[in-house]
Every structure is written in structure tokens, then in C-alpha cells.
Amino acid sequence: MYRFIWLKDLKAAVHTWKGLVWLLVTALIFSAASYLFLTNRELSLLDQTEMLWLLGKVIIGAALLVTVIDASSLITAEFENETIESLLLSPLSLGGLVLGKLLAALTTWLVVYAAAAPYMVVTAAGSRLTGAFLVYVGLFGTLAVLGFTLLVLAVSFFYRSLRNTLTTSLVILLALALPALFSPVLKTSTLARIAGVANPLDSIFAGLDNVLVDYHTGLAANLGFLVPVLVFCVLALGFLMLSVRAFQRRGIAKD
Amino acid sequence: MRRNLLPLVLVAGILYAQASTPLPLVVSIRSERALSGVAGEYITLEAEVVNVGTQPINSVTTYLSLVDVGARMPVDLEDWSAEKGLFIGTITAGETLPLVWKVHLIRSGDYTASVVAEADGADLPVVSRVTYLKALPKRNLNPGNVLPVALGEPILLVFGFLLLRFWRTRKLRPD
Amino acid sequence: MAGVISARAISKSYGDRKAVDGLDLAVEGGAFFGFLGPNGAGKTTTIRMLTGVLRPDSGTITIDGHDSRDRQHIASVIGVVPESRGFYDWMSGEEYLDFFAALYRIGDRARAVRQLLADVGLADRGGTAIGTYSRGMKQRLGLARALVNSPRVLFLDEPTLGLDPQGQEDVQQLLKRLNEGGVTVFYSSHLLHEVAHLCSVIAVINRGRLAAVGTLAELQRQTDSEDLRDIFMALTND
């Protein structure tokens, strides 16, 4: 049953132009970033591996931004457009609805990833890191998008309004992304190190650094970076389950 | 008035001359007087420091100084060289020590490089002659075929969207 | 098909406000059941509890012999035109009905969609985007969606709202035909003449409680009034 929700949301993304506009925006960001990295008089002199690391961060960052914005409306639009009642009256289970929405968000990521792939290939040309670059951006990106989508869906059931869901989700994304902008000097204290390990985005960016700059391309060498992201996904799933249960208790009408 | 100040000026001059005794160090750049390379390349700047005095000199530090001739500004050596300064420590009398800097030509332009040496207790640093660095611009357009992708993909997407729009409009019958 | 809808002592509160307060309802199979009440009386909350999208705080509900918490079964036997009438405006009417037919696992969806559009008088507009529909057309489409699974029990919350007189007549005729075919109709409306004309049994609720239930004749005797409007006023004036 989730299949029909998934397909419906994919068609909506295409027919309402929403998804297409986002895809074009991300493609333009990737164009600008890859062109800038390679042609800017100073940036282009970075080691190629560092440039790949930067581009990997841009791809995952842009994909997260797009999926968070897109996923924020997946559930809330059903509430705000008053279509949720018709869905809940059908034999579709709440789990099926959530799964369909989750797959729609992951498909958005897949499309963004597919759009990013040519940029990754051309920027990694000659580095012997093309495969690792594609695999690890895909792996880390998928886990990050999965975790954030679960979180956004949980917030959606809680607020039922696009504005509140979007604001909350963006604040969470920004809060987790901010430490990535800090210089390494600010991350030397014990507390900062613990926060860095607990922060899934920090782990992802450090993982990409481990693969692309330090050439540790084996999966075993990156488990330490994958575990915090997996933990984040599990926590987000738990939050979603609580949020769905609360929705079932409260029902469709808001108190 | 002027006569009254004369003794003071003389005393100050004597004190200054005593404190400003030049270090018995000679710093010279051994590389050619003009070096050049393409932006992005690394060049090696070789120099040496010699203690021409009769006593050892303690806590000697040498550092590279780069000036952007076009901008008439000193260059922040961040990214240009991993070791901006070299701490030598004690240099014995008559000793000659080689100095080597690996310089990454980050930005195209004309620069002057000089090497400076300082030591504890000395008020005047010793400076080498100037060497001219020329970083030629790097033509980086279309590296790795990024340009066809950077331009082509958005254009393809727009074309695809318009095609979809056309197909959808045809599918949905007007009212 | 006796007692197809049964609610016993159901209550629902929103914060401190009791929307439905110990309501008992029993609707026999094949009935055309009118459900009346002033604004805020708890009609929509009651329908939402009966159709399983809202859990009562207390009390039990059975539809077609199944507990209303058994959503899968309830969904397969009921059709609902809810109070909230959202549509996917980017879809065409055909696509919209096809989507719901898929959710209900209808076999020959294309044929079912064509038939539904014809039943509600939208056969010539099925291919256009819902966003271009008038309010009345959307009402018809909502009714078509409620019928997509050929329900045995039909819940309607103000189904003729926004329809022109011809549209109202068309919908009434369709509902009559369905009811004659054995479909139990639970009909909530503000249009008293419609209820008087269509319904075999009428219930009136006020402040979340059942004020009266019976045939029109029984209500007339109970309130000593002829007109349904007078009956309504007599039962809901505190």
C-alpha cells in the first residue's frame, strides 16, 4: 500500500514543479561548487583530495537541506490541505503512510545523488578515488538523509504545520551543521571531541576526510564514523515511533 | 633652548648606539636572484646564515618575508609555506647553516622574498638581499571536463522539465 | 443486517471541553439515518469516532460487527464524505479516483473510475485537473471517492454543501438508489428539508448528548411539532 503513497508523492514532486525546481537548484549549486573549486585561482590549487572532500561536503549538505525542506511538507501538506482524513479512512495503515513518505524522501535524495554523480566523476578524474568518492558520499548521504527524514516526519506528526515543522527541522540541521564550520583548533577540548563524536554530521565529514584525504577507503576503517550516524538514525526512528503513537492517541483532531 | 637639549640628545644617541649593535650574522639567499613558476607549483628557496662573530649567538630565528609587489602588501604565508619561521637556536662562531623553504605558489603575481634573522637581546634584525619571485597564472578553465558537466547538466534538466510540462499539459485536458 | 452501526456510551473531550458525552447510537442495516445537531454539537467528532479516525476517550463502537479500532476491516466496509474536503489539486479527477482505488485494491481500476465519474456526473471532466473544479464538482468527486470501494455503510458529513439545486437533486437521487440497493446511509446535514425528505430515522444531538432519535413521525409526537425545523428547535433549545 505504501507504494501508492510513494508514487503519489513522486508524481506530486514532478507535476507541481516543487521537486524539479529543487533538483535544478541543487544542480546549479554543484555546478558552481565544482567549477569554482577547479578554476578559482586559489581554491583550485588545493590538493585534489581536499577538493573532493569539500565537494562531498557540499553534496551532502545541499542534499540534506533539500530533503529536510522537501520532507517537511510530505506529512504536513496532508494535514494543511485536509487530505489526511481521506487517507486515514482508506485501508492504508499509518505505518504504510510513513513508509511511503520515507521512500519519497529517499527517492529525492537518490535523484540528487544521481545529479551529483557526474560532478563527482569529473572532479575525481585521475585521483584513483572516484569509486571511493561515489560510494562513501552515497553511503554517508543515504544514512544522513534517512536519519533526518525520520526526524522531520516525527516533528511533522507532532506539529502538523509546515511552518513549525520546517523551522524546527532547519534549526536542528543548522545546530548539527555549525560545528563543521569551526576550525579544528576549537575542537580540541574533551567536551568538543565528545560533541563531535555524538554529532552525526561531524562524523560524516570526518569520515569523508578519512576516506578522501587520508585514503582509508576500507569499510572497517570507517566504522567509527558510521556508528554515530547509525545511532542517530535509530534515535530518530524511536522519536518517530513515539510521535506516531501520540498521533494515534490524539487522533486527527487537534486538542 | 637648543643648547640646553644638546647633552640629552648626545646621551640618548650613545645609549641607542650601544643597544643597536648589529648582530654578527650574515643572511644570504643562495637561490637565483629571480625565481619563477606557475601558480600551484612548489619552488625551493635556499639561503644560509653565517655567524661572522667570535662568540656563539643564542636563540636565533630566521623567517621568510614575502611582499606582493603589485599590491604593495606583505603576504600572509598561510598556505604558501608549511614553515614560515625556522628556529635555529645557538649558532657557534664561524658556523654556517643552510636554510631551505619550500614555497607553494598560491596566487599568480610578482613578489619579493627576503630572509630575516633575529636573536635574543638584539634590537636590529639582519635581512638578506631580495629575491624576485614570479608566479605565472595557471590556466585552469575546463579542468577535468567539469565545464561540460557544470553547464550541460542544468541545461539538460531545464530541457527535461519543459518536456515534462508539455507532456503533462497535453495529458490534462483543459476545462 | 441489523445494528450495523453501534455506539455505546462514547465520549470525547478536547482539553476541558466535552465534545461528545456518553452518546449511544444504533443504526440498523439498510437505514437512511439522519444525524442532526446545531453547530458544535459534536456531529463531526461523532462521525470521526464512528469511522475510526478518532479514538473515543471511553465507550465502544462497532461497525458491521467489528470494533472500530479494527481499521483495516472498517475501511473496507465504509465510505465517507468527511467534513474536511481536501483534494490533490494537481491530479485529474481520474487520477484521484485511481489513486484511492489502488489504496482499496480495486481490481479493474480504469473501469471502476469511469463508472464512478459517470455516477456523480463528472464523466466529461475526469481528465481535467482538480484545481480547476468548482466547489460543487469537488463535492461530487468526494462522493465518488467515498463510493470507490462499494461500501456497505456510507457516512456523509454535509454532502450537498456547495452544490446547486440540480447538483443537490442529483446527489439525493444517487443516495436514494444506493440506499435502495442495501447501503446503510449515515447522513449529517444542516438542510432539514433534505433530512426530512430522505431519512427513515433521525437522531438529534445537542451538547454532545443524544436529544432524541426516531422516525419523523415519532419525533413529531415527542415534541408536539409538525415541521422538522420546529422539532429541531424544540430539541436543541436549552
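Residues numbered from 1 in each chain as written. Chains lettered and ligands numbered in written order. Predicted model: local features only at pLDDT ≥ 70, side-chain atom pairs only at ≥ 80, totals over all residues. Heavy atoms only, no water.

K.L.:
In this structure, what is going on with the interface of chain A and chain C? I would like to understand it.
P.N.:
Buried accessible area, meaning the area lost when the parts come together, often serves as the stated size of an interface. Contacts between chain A and chain C engage 30 residues on the former and 29 residues on the latter. When the buried area of chain A at its contact with chain C is split by residue, E85(A), L89(A) and P91(A) rank highest and sum to 25% of it. At the junction of chain A and chain C, the tally comes to one salt bridge. The partner of R48(C) in a salt bridge is E85(A), with the nearest N and O atoms 3.0 Å apart. Put simply, chain A and chain C have 12 residue pairs in polar contact (both at pLDDT 80 or more) between them. Secondary structure elements with two or more residues in the side of chain A that touches chain C: α1 (2-15), α4 (84-89) and α10 (223-250) of chain A. The element contributing the most residues to the side of chain A that touches chain C is α1(A), with six residues. (Contact = heavy atoms within 4.5 Å. Buried area = accessible area lost by both parts, 1.4 Å probe. Salt bridge = Lys/Arg side-chain N within 4 Å of Asp/Glu carboxyl O. Polar contact = N/O pair within 3.5 Å; in protein donor to acceptor, adjacent residues only side chain to side chain. Helix = DSSP H or I, 4+ residues; strand = E, 2+ residues; numbered from the N terminus.)

K.L.:
Just to check I follow, could you spell out the environment of P151(C) for this structure?
P.N.:
Residues and elements named next belong to chain C. Inspection of the secondary structure assignment puts P151 in the loop between α5 (135-146) and β7 (153-157). Here P151 falls in the buried class, since its relative accessible area comes to 6%. Sequence spacing of P151 and G34 is 117 residues, and the spatial spacing of their C-alpha atoms is 18 Å. With residues up to four places along the chain from it excluded, the contact list for P151 reads V77, I78, G79, A146 and V183. (Buried < 20%, exposed > 50% of the residue type's maximum accessible area, 1.4 Å probe, protein only.)

K.L.:
It is not clear to me how the pairing of strand β8 (residues 109-119) of chain B should be interpreted in this structure. Could you clarify?
P.N.:
On any regular strand, side chains alternate: one points to one face of the sheet, the next to the other face. All names here are of chain B. Counting buried positions over the 11 residues of β8 gives eight, a clear majority of the element. Inspection of the sheet shows strand β4 (residues 57-68) paired to β8 by nine bridges, in the antiparallel sense. Bridged to L64 within β8 is V115. Alignment of β8 against strand β10 (residues 131-136), held across five bridges, turns out to be antiparallel. The residue bridging D110 from the neighbouring strand is K134, located in β10. As paired elements, β8 and strand β9 (residues 126-127) share two bridges and run antiparallel to each other. (Pairing = 2+ DSSP bridges.)

K.L.:
Sorry if this is basic, but what is going on with the packing of helix α5 (residues 94-124) of chain A against helix α6 (residues 130-159) of chain A here?
P.N.:
When two helices pack together, their arrangement is captured by the angle between the axes and the distance separating the axes. All names here are of chain A. Between α5 and α6, the least distance of the axes is 9 Å, while the angle of their chain directions is 150°. Comparing the axis directions of α5 and α6 gives the class roughly antiparallel. Once α5 is placed against α6, the crossing between them reads as right-handed. Residues of the contact of α5 with α6, tallied by class, amount to 21 nonpolar, six polar and one charged. (Axes fitted to C-alpha atoms, helices over the stretch in contact; angles between N-to-C directions. Parallel < 35°, antiparallel > 145°, perpendicular 65-115°, else oblique. Left-handed = near helix turned anticlockwise from the far one by under 90°. Nonpolar A, V, L, I, M, F, W, Y, C, P; charged D, E, K, R; others polar.)

The values are spatial; any link to function lies outside them.
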